[in-house]
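Each chain, letter by letter, is given below.
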Amino acid sequence: MSEISVLAIVSEIFPLIKTGGLADVAGALPAALAGEGIEVATLVPGYPAVMAQIEYAETVIDARPLYGAPARVLRGSAAGLDLFVLDAPHLYDRPGNPYLLPDGRDFPDNPFRFAALCQTGSALGFGAAPGFLPDIVHAHDWQAGLAAAYLHYDGRERPGTVATIHNLAFQGKYPAELLGALGLPPQAFSLEGVEYYGTIGFLKAALALSDRITTVSPTYAAEIRTPEHGMGLDGLLRTRAERLIGILNGIDDEVWDPSSDPLITEPFDVETLARRPANKAALQDKFGLDPDPGALLLGVVSRLSWQKGLDLLLANLDLLERLGVQLAVLGSGEPELVRQLLEAAEARPGRVGAVIGYDEAIAHRIQAGADAIVIPSRFEPCGLTQLCALRYGALPIVARVGGLADTIIDANEMALASGIGTGLQFSPPTADMLGATLERAARLWAEPEIWDELIENGMLTDVSWRRPAALYAKLFRDLVRER
Ligand code: ADP
């Protein structure tokens, strides 16, 4: 089988720069696809963290003016990734978050910052870098969305295009007046192009103009075709349904391996589960919880936003207290949720602990030490934390939406009878349904043999990139053949 060359375009990539699951996927997919005969090079913005980590960098496109100052393109590598880096200090050399000012507002020039990325992706797609001509341009989320437009309206024969939706909630909508400034021709402002309810829609453009659309779970692929979950794009997604497919994410099973994880207190695997409680004790200590091995300990690792439904969990704090259940939360995000979490921890010493911030090491320690991981999302395109939980022997308790529906087997009566459950699901995502499910968890906790069977099932589940990578490879291959 001949090799297929893919240019991925993405605004964050693990381990260089990460705000969420998007970075994990962009960082893991190239290695997973290499085994399938697909070569991926990835174009990323030259944030300080990227510039500091790139090695063997050489200039492949010389400096030319881009939105008011010179920018050049480097090719190099970091962490085993083949990277193109858009070195444009006036756009990307800013401290902190890739998208936001320190006060949490979007950078005002975000349309230009990410249009610049897309224009560069389009140029690379047409062969602007010597010796590199991709068969496919794979654009991730709205930040890469305009690449499909630049490729389409250029007029030259273009590579195949694939758009992947990691979260439909983020769409990149900007004023129509920017059309010319963004280098788009007048005819691009149309129903078939970038026009989106009178604005320029970056993600909309990708969904309208790409040869294929993927999203990160089969259930989310179905949900986003409905008005309830489509966030204004369901109509377009219905008309393009034949081009839309859901492919689950995997996780990097070397980064997330409880038998060799340097970040946890006591490594373990499914054969040595007796070692796991040492991690629980360490977690209780870290979060100021009572050192009680018999108390069911729930963990949360999450962005703190409405999507993630943590208000539903906060509404059940009295119930948790009655059930003798402990809670350890790691999260960062909306100030109001931060305030409520800190207040809960203060009001319930020994029972509720919270760490506010983004911390890889603590995330690993929660996965290794908590008995269950709660994910009460109102919507969840795929979700990665439940996959980590499966691998680390923490029982996922999840809302039955999106990828959470596709990755967890609810321990209902039939699943228990057949010995196939891996977690608990609830639906609809309301505080009452979550409460009833937490009671169900407490009853299962009282039956250690059943509990252990559930987490062993989870630990034996294949959450790697093997199957997803084969599905992406098939999609890329079909597209190349079609063109
Ligand atoms: P999303 O991308 O919507 O935030 P996902 O579940 O797809 O949600 O991916 C979240 C990723 O970020 C997981 O790898 C999770 O462990 C990690 N994560 C989320 N919040 C934190 C945090 N506060 N500290 C460390 N890791 C976090």
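Within UniProt, the label attached to the chain reads Glycogen synthase, and the organism entered is Methylocella silvestris. For the record of the chain, the UniProt heading Function holds the text "Synthesizes alpha-1,4-glucan chains using ADP-glucose." Quoted verbatim from the Sequence similarities heading of the UniProt record, the comment on the chain is "Belongs to the glycosyltransferase 1 family. Bacterial/plant glycogen synthase subfamily."

(A) Layout of the site of the ligand. What surrounds the ligand is a group of 17 residues, the closest being G21, R303, K308, G357 and L384. K18 has a polar side-chain atom sitting 3.2 Å from an oxygen atom of the ligand. Here an oxygen atom of the ligand and a side-chain polar atom of R303 are 2.7 Å apart. Across the complex, the protein chains shield 92% of the 570 Å² of accessible surface that the ligand would expose by itself. Counting residues per element, the ones that place at least two in the shell around the ligand are α1 (21-34), β13 (297-304) and β14 (326-333). Here the shell around the ligand is built from residues that sort into five nonpolar, seven polar and five charged. Looking at which domains feed residues into the shell around the ligand, each of domain 1 (4-250 + 466-482) and domain 2 (270-459) gives three or more.

(B) Inspection of the UniProt feature "binding site: ADP-alpha-D-glucose" in the chain at higher detail. UniProt's feature table lists "binding site: ADP-alpha-D-glucose" at K18, given in the numbering used throughout. Its place among the elements puts K18 in the loop between β1 (4-9) and α1. Owing to a relative accessible area of 22%, K18 belongs among the partly exposed residues under this scheme. In this view, K18 contacts E12, A23, D24, Y358 and E360; residues no more than four positions away in its chain are not counted. Here the side chain of K18 touches D24 through a polar contact of 2.9 Å, side chain to side chain.

(C) Representation of the environment of L395 in the model. Turning to its location among the elements, L395 is positioned in strand β17 (residues 395-399). The class of L395 is buried, set by a relative accessible area of 0%. Along the chain, L395 and Y67 lie 328 residues apart, while their C-alpha atoms are 49 Å from each other. When neighbours within four sequence positions are excluded, L395 is seen to be in contact with D371, A372, I373, T422, G423, L424, W451, L454 and I455.

(D) View of the domain arrangement of the chain. The domains assigned to the chain are domain 1 (4-250 + 466-482) and domain 2 (270-459). Taking the mean C-alpha position of each, domain 1 and domain 2 sit 33 Å from one another. Listed by partner, the interface residues are 20 residues for domain 1 and 17 residues for domain 2. Each partner contributes to the roughly 1,300 Å² buried at the junction of domain 1 and domain 2, and carbon and sulfur atoms together form 63% of this total. Our count for the domain 1 to domain 2 interface comes out at one salt bridge. Note that E360 and K18 form a salt bridge whose closest N and O atoms lie 3.7 Å from each other. When contributions to the side of domain 1 that touches domain 2 are tallied by element, the ones reaching two or more residues are α1 and α7 (218-223). If one sorts the elements of the side of domain 1 that touches domain 2 by residue count, α7 sits on top with four residues. Classifying every residue of the side of domain 1 that touches domain 2 by side-chain character gives eight nonpolar, nine polar and three charged.

Definitions and cut-offs
Residues numbered from 1 in each chain as written. Predicted model: local features only at pLDDT ≥ 70, side-chain atom pairs only at ≥ 80, totals over all residues. Heavy atoms only, no water. UniProt positions renumbered as here; feature names shortened; annotations may be inferred. Near = heavy atom within 4 Å. Polar contact = N/O pair within 3.5 Å; in protein donor to acceptor, adjacent residues only side chain to side chain. Areas by Shrake-Rupley, 256 points an atom, 1.4 Å probe, with all protein chains shown as cover. Helix = DSSP H or I, 4+ residues; strand = E, 2+ residues; numbered from the N terminus. Nonpolar A, V, L, I, M, F, W, Y, C, P; charged D, E, K, R; others polar. Domains from an automatic or database assignment. Buried < 20%, exposed > 50% of the residue type's maximum accessible area, 1.4 Å probe, protein only. Contact = heavy atoms within 4.5 Å. Buried area = accessible area lost by both parts, 1.4 Å probe. Salt bridge = Lys/Arg side-chain N within 4 Å of Asp/Glu carboxyl O.

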